[in-house]
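Results of the structural survey
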Amino acid sequence: MRFEYVCGIVSRVGVVDHEAWSYADAVSRLGLHHLDVEHQRDVIHAGPDKYEIQTVCDACEQAVAMHPELLIEGSIIQ
């Protein structure tokens, strides 16, 4: 099973590809089981041959920490 971590701005952040894992194995081993079911639905998106996990990369996190106005609707982070 392939899981790609994707930042909305930067694109692909990282990949975990482990063919022996089921979806439940991956959710547990990647720590996604700590999210409630609704949050899991919000951040995990099924594709034809992979799952994408929406995240925020370090660069975007640092940018927002230095410039919180980036979170205003209509800005680059939105």
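The structure contained in this document is the topic of the report that follows. (Residues numbered from 1 in each chain as written. Predicted model: local features only at pLDDT ≥ 70, side-chain atom pairs only at ≥ 80, totals over all residues. Heavy atoms only, no water.)

**A few points about the sheet that holds strand β4 (residues 51–55)**
Note the cut-off: A pair of strands is considered paired only if DSSP assigns at least 2 bridges between the two. In DSSP terms, a helix is any run of H or I states spanning at least four residues, a strand is any run of E spanning at least two, and both are numbered starting from the N terminus. For helices, the fitted axis covers only the stretch in contact; all axes are lines through C-alpha atoms, and the angles between them, taken along N-to-C directions, range from 0 to 180 degrees.
Read from one edge of the open sheet, four strands run β2-β1-β4-β3, paired in mixed fashion. Edge positions in the open sheet fall to β2 (11–17) and β3 (44–46), since each of these has one partner strand only. In this sheet, adjacent strand axes meet at a mean angle of 25° when their direction is disregarded. Relative to β4, strand β1 (residues 2–7) runs parallel, the two sharing five bridges.

**Overview of the nonpolar core**
Threshold: To form a nonpolar core, buried Ala, Val, Leu, Ile, Met, Phe, Trp, Tyr and Cys residues must be joined to one another through side-chain atoms within 4.5 Å. Note on classification: 1.4 Å probe, protein chains only; a residue is buried when its accessible area is under 20% of the maximum for its type, exposed when over 50%, partly exposed between these limits. Throughout, a residue-residue contact means that at least one pair of heavy atoms, one from each residue, lies within 4.5 Å.
Residues F3, W21, A26, V27, L32, V43, I44 and I53 constitute the largest nonpolar core, which totals eight residues. Those residues in contact with I53 that lie beyond four places of it in its chain are F3, E4, Y5, V6, L30, L32, V43 and I44.

**Overview of the environment of G47**
One can find G47 in the loop between β3 and β4. Under the relative-accessibility criterion, G47 is labelled partly exposed at 34%.

**Describing the packing of aromatic side chains**
Working definition: an aromatic ring pair is given by the centre-to-centre distance plus the angle between the planes. Condition: For Phe, Tyr and Trp, where Trp contributes only its six-membered ring, two rings pair if their centres lie within 6.5 Å, and the inter-plane angle classes them as stacked under 30 degrees, edge-to-face over 60, or tilted in between.
A full pass over the atoms with the stated rule returns three aromatic pairs. Geometrically, the ring pair formed by Y23 and Y51 is tilted, given 4.9 Å between the ring centres and 50° between the ring planes. Within this pair, whereas Y23 is found in helix α1 (residues 23–29), its partner Y51 is found in strand β4, the two being separated by 28 residues in sequence. Residue Y23 is classed as partly exposed on the basis of its relative accessible area of 31%. Members of the aromatic cluster, each reached through a chain of ring pairs, are F3, Y23 and Y51.

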